[in-house]
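Residues per chain, in single letters:
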Amino acid sequence: MSDFKENLRSNGKEIRFPVAQAHDLLPRSKWLRDYYFSGHERKWNNLAMFFTTGVDWDVILYEGEFYPAPEVLDMIGIKGKGVYYSGESMAITVKLPDNFWELSLPERRAIFFETVILDYVPKEIISENDLIAGGRFNTWLSRCLDKKQVKPYWKQAFKNRKIIREFHNNGFGNFGATGGHIICDHETVVKKGFKYIYENIKEHYEKLTKNEKKGPKGNQLRAMMRSAEIPRKLAKKYADKCRKLKETASTSERAKELEQMAKNLERVPWEPAETFWQGVQAIWLTHMLIMAEESFPGAGTSFGRSDQHLWHLYKKDVLDEKNITKDFAKEILGSFWFHCHTAYDAFMILGGKHGVNSSFGQLITLSGCGPNGEDLTNELTYTILEVVDEWYPSLEPKPNVRLHRNSPKRLLDVIVDMIARAQGSPFLLNFDERSIAGMVLEGIPEDEAWDYGVVGCLENTMQGNDRSGTVNCNPDLAKSIELTLWNGKNMPNDDPKKSKKQFGPKTGDPEKFETWEEFWDAWVNQIQFIIKHTAENYNHLEQLRSEFLPTPYVSTIIRGCAEKALDVRSGGPELRFITIEGVGYATTVDSLLAIKKFVYDDKKYTIAQIKEALLNDYKGNKDQSIMQTMLQMKAPKYGNDDDEIDEIGRKIMETWCNECWKYKTPNDFQFRPGMLSWNYWAGPDALKCVATPNGRNSGTFLSNAICPSTSAANSGPTAVTNSVGKVIGGKTEDNKYVNYLPNGTSHTITFNPSVFFRDKEHKEKFKAYLRGYIENGGTSLQINMVSTDMLRDAQKKPEDYKELLVRVTGYNAYFVTIGKELQEEIISRDMHAI
């Protein structure tokens, strides 16, 4: 207890509610962490660099990647390039070969990327404490469109602006063809190297006919072959840099390290890694190039099951041959941790430690089961968790620990201790049996689904052959209530155009419905329309990205692209999905439950009265205020382990999820359902949502992902867990898991911190809770372990709580930087005890 309190001091200063602090860091890691958190005062920063072909029609920034953040719509403007002129004005003109504009678009992109990375981006070793090469990757690259392509590009881009604005401004939510959110084939890079990848692409190219080599397939494979050699060429330049620094190294020991770094880079990532150090170096160099080519640094670009991919090397070097110590392995990982954090550097100037919202998700998947349900936790798993614990509070890479029925007691002990020490938020927990059921639902064979990974926050994908667009479509499910009540139209307001337009189908005047079944049938038609409307509108963005925005380097490390001679964005991957992330689920469920009870079961209110109260935001008269209280306090609520309520919740979930599977993109990506919500339940999308029949006021927060509505879950954490598991499918009669949401479900829960400080018994109870979640809960769990009093004190004295991290949803953020509205939402969440 006393040691724990010491770790919770704030830089040696006693404060009312101590905040978790980094502890027991090895010397290099401490220096790198301290250096990173010195922020824009550092001499070195991974700031954004813009590069152009120099032609007057050049396009650098693709705005569609940012549409899932509706806040940027006002920055973009309605016509013209808007904010994007600023990037072009800072861009460096790249010298290009004479035949550049005679080549195909994929080949131009590959040449431009190669030239920028090799000849223009500085090659820097950050300090004498750094053991991993690869510093600058925040590049914003020309899209290399020629004069004929740029006109249709902008025609479609301006059309897309209009589409997304209408969708968002009418309260449907948001969508965007965003980058990142992918696990490339790091396992092949570590175990076989880019030489193997290059030769595989070359083999497919040589099988093409003469005409095919002259056409799109030949263009694509030539671009991929060129791209597959970039890591080798870049590694050589970094090796040269290491040897140059060796000449002026401050100690003979550092000179030896730089020589070994050079030797590592001469081997990886072109050849298979032979040591743990080389394996980590190979993964980092591969990863930073993904972010550089996509011009989308950090967000969701994830590593997969690194403790499995590197285990053979760690075992050999640390345990068997003892070539390096465990501490040195942790220092290698510390350098890796530092470099992952630098994805935030361009934002630091805007907002303190990590910029706008601290939500990048370079996720690393740990532990989990094997093909027969056996546990795959190893000593590297525990070493990585030590690094996570010692570096915390920190944000990248985000660890996701996979739990399952056979997870060992030692792992649960470590997890519970880390949660207690870190106030709940150092990692996410994924639950294998439920997650794997979702992967099987989307068509992954059972003998492969066990090897899934997690991207971004908690989104489940396969590794190295899957592009699943995990945050691309984010419709507000509660919009379906509004459309049902107003027969497919928006709620009447001061804008006659919005009020008169027929968006959804005409499902009848609900004031004339005599039964709940009639209302339900109308609602089903409206929610089906919303999913269809989302898919059809999104497809305009996907078509533009597929046609004009290839990424040949990323395509080299996604299986299927070489075989099909297609880009990763044009249908190349073996597995291709676009995820529709339902927002406001509990708001929708509770609203339907309220209508069923008070209109059709109890007949206390009429639909006309409900509609009138919503139009007035429950502020029209005293009776409407009383109605709001009744809807909030007396209506049934999801989240309390009530079988009848949860069965209605399951039917609601099944209805909209089934609709997702009906649609595909023009480039053959299958839509699938998920439930993440990111900031949408609390941000600009919530502001567009009218009052709802669960008693919620217009413009206030919706429910968060799969979580119950705030103050609705009053039966304890086990009841919430059981409700979550039931509404996403429950189990079959023969006890097999069902999961309607293959992308995953974000479930954030807050516990009273005193739970963990009492005695061993309460820790055992919490481990039992996690075991129960494996059996009956959802796919993913995020835990906060902070009291209301602590958060209120942080609002009053933010200078004392600069290091306080909290779970927002699938990501964590510094509490004092996230804005008053979101702070209040976190404070208002239900707090549970064990």
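In case you missed it, the structure is sitting above this.
Residues numbered from 1 in each chain as written. Predicted model: local features only at pLDDT ≥ 70, side-chain atom pairs only at ≥ 80, totals over all residues. Heavy atoms only, no water.

### Section: the sheet that holds strand β1 (residues 49–52)
In space, the 3 strands of this open sheet follow the order β2-β1-β3, with parallel pairing throughout. In the strand order of this sheet, the two ends are held by β2 (92–93) and β3 (139–141), each with one partner. Across 2 bridges, β1 lies against β2 in parallel orientation. Paired with F51 across the strands is I92, a residue of β2. (Pairing = 2+ DSSP bridges. Helix = DSSP H or I, 4+ residues; strand = E, 2+ residues; numbered from the N terminus.)

### Concerning the sheet that holds strand β16 (residues 746–751)
The strand order β7-β8-β9-β17-β16-β20 describes an open sheet built from 6 strands, whose pairing is mixed. Two strands in the sheet have a free side with no partner beyond their single neighbour: β7 (363–367) and β20 (831–832). Looking at chain direction, β16 and β20 are connected through 2 bridges and run parallel. Each residue of the ladder has a partner; that of T750, found in β20, is M831. Contacts from helix α20 (residues 432–441) reach β8 (398–403) and β9 (428–431) within the one sheet, and its direction differs from that of β9 by about 65 degrees. (Contact = heavy atoms within 4.5 Å. Axes fitted to C-alpha atoms, helices over the stretch in contact; angles between N-to-C directions.)

### Some points on the pairing of strand β17 (residues 780–784)
The buried count for β17 comes to 5 of 5 residues, which makes it a mostly enclosed element. Covered by surrounding structure in β17 are S780, Q782 and N784 together with L781 and I783, the residues of both alternating faces. Looking at chain direction, β9 and β17 are connected through 2 bridges and run antiparallel. Each residue of the ladder has a partner; that of N430, found in β17, is S780. The sheet contact formed by β16 and β17 spans 5 bridges and is parallel. (Buried < 20%, exposed > 50% of the residue type's maximum accessible area, 1.4 Å probe, protein only.)

### A few points about the packing of helix α11 (residues 230–246) against helix α12 (residues 252–267)
It is at 8 Å that the axes of α11 and α12 come closest, and there the two elements cross at 165 degrees. As far as their axial angle goes, α12 and α11 are roughly antiparallel. Relative to α12, the crossing made by α11 is left-handed. Contacts between α11 and α12 involve A235, Y238, A239, C242, R243, L245 and K246 from the first element and A255, L258, E259, M261, A262, K263, L265 and E266 from the second. (Parallel < 35°, antiparallel > 145°, perpendicular 65-115°, else oblique. Left-handed = near helix turned anticlockwise from the far one by under 90°.)

### Some remarks on the packing of helix α5 (residues 105–120) against α11
Close contact between α5 and α11 brings their axes to 10 Å; oriented N to C, the two are set at 10 degrees. Here α5 lies roughly parallel to α11, going by the angle between them. In this structure, α5 contributes A110, F113, E114, I117, L118 and D119 to the contact, and α11 contributes I230, K233, L234 and K237. Of the residues in the contact of α5 with α11, the class split is 6 nonpolar, no polar and 4 charged. (Nonpolar A, V, L, I, M, F, W, Y, C, P; charged D, E, K, R; others polar.)

### Brief notes about the packing of aromatic side chains
One pass over the structure, following the stated rule, counts 42 aromatic pairs. Taking the centre distance of 5.4 Å and the plane angle of 75 degrees together, the rings of F276 and Y314 count as edge-to-face. Pair noted here: F276 is in helix α13 (residues 276–294) and Y314 is in helix α15 (residues 311–320), with a separation of 38 residues, a long-range link. A single burial state applies to F276 and to Y314, both of which are buried. Seen in terms of ring centroids, F598 and Y605 are 5.8 Å apart; in terms of plane orientation they differ by 50 degrees. Their pairing is tilted. Take F598: its relative accessible area is 2%, and that puts it in the buried class. Every member of this aromatic cluster is reached through a ring pair, and the members are F167, F172, F175, F503, F529, Y538 and F671. The side chain of R232 reaches across the aromatic face of W270, ending 5.1 Å from its centre. (Phe/Tyr/Trp six-rings, centres within 6.5 Å; stacked < 30°, edge-to-face > 60°. Lys NZ or Arg CZ within 6 Å of the ring centre and 35° of its normal.)

### Observations regarding a negative patch on the surface
A surface patch of like charges, here negative, comprises E446, D447, E448, E563 and E574. The element best represented in the negative patch is helix α21 (residues 446–449), accounting for 3 residues. By the secondary structure assignment, E574 is in the loop between α26 (561–564) and β14 (575–581). (Patch = residues over 30% accessible without salt bridge, like charges linked within 9 Å, V, L, I, M, F, W, Y side chains within 5 Å. Areas by Shrake-Rupley, 256 points an atom, 1.4 Å probe, with all protein chains shown as cover. Salt bridge = Lys/Arg side-chain N within 4 Å of Asp/Glu carboxyl O. Lys, Arg positive; Asp, Glu negative; His and termini not counted. Charge placed at Lys NZ, Arg CZ, Asp CG, Glu CD.)

### Quick look at the environment of V806
Tracing the sequence through the fold places V806 in strand β18 (residues 805–807). With a relative accessible area of 0%, V806 lands in the buried category. Along the chain, V806 and Q423 lie 383 residues apart, while their C-alpha atoms are 8.1 Å from each other.

### Concerning empty space enclosed by the protein
With a probe scaled to a water molecule rolled over the atoms, the places where space remains empty come into view. Inspection of every chain in the model, using the stated rule, returns 6 cavities of 30 Å³ or more. The computed volume of the largest cavity comes to approximately 90 Å³. Lining the largest cavity are 14 residues, with S394, L395, P397, P399 and P426 sitting closest to its centre. Of the residues contributing to the lining of the largest cavity, the split by class is 8 nonpolar, 3 polar and 3 charged. In terms of lining, the second largest cavity is formed by F276, V280, I283, S306, L310, L333, F336, I364, L380 and I384. Listed by contribution, the elements that provide at least two residues to the lining of the second largest cavity are α13, α16 (326–341) and α18 (379–391). Of the residues that constitute the lining of the second largest cavity, the class distribution is 9 nonpolar, 1 polar and no charged. (1 Å grid on protein atoms, 1.4 Å probe; cavity = no way out; pocket = protein on both sides within 12 Å on 5 of 7 lines; lining within 4 Å. Points joined across faces, edges and corners; volume = space filled by probe spheres on them.)

Function cannot be read off these values alone, since they describe shape.
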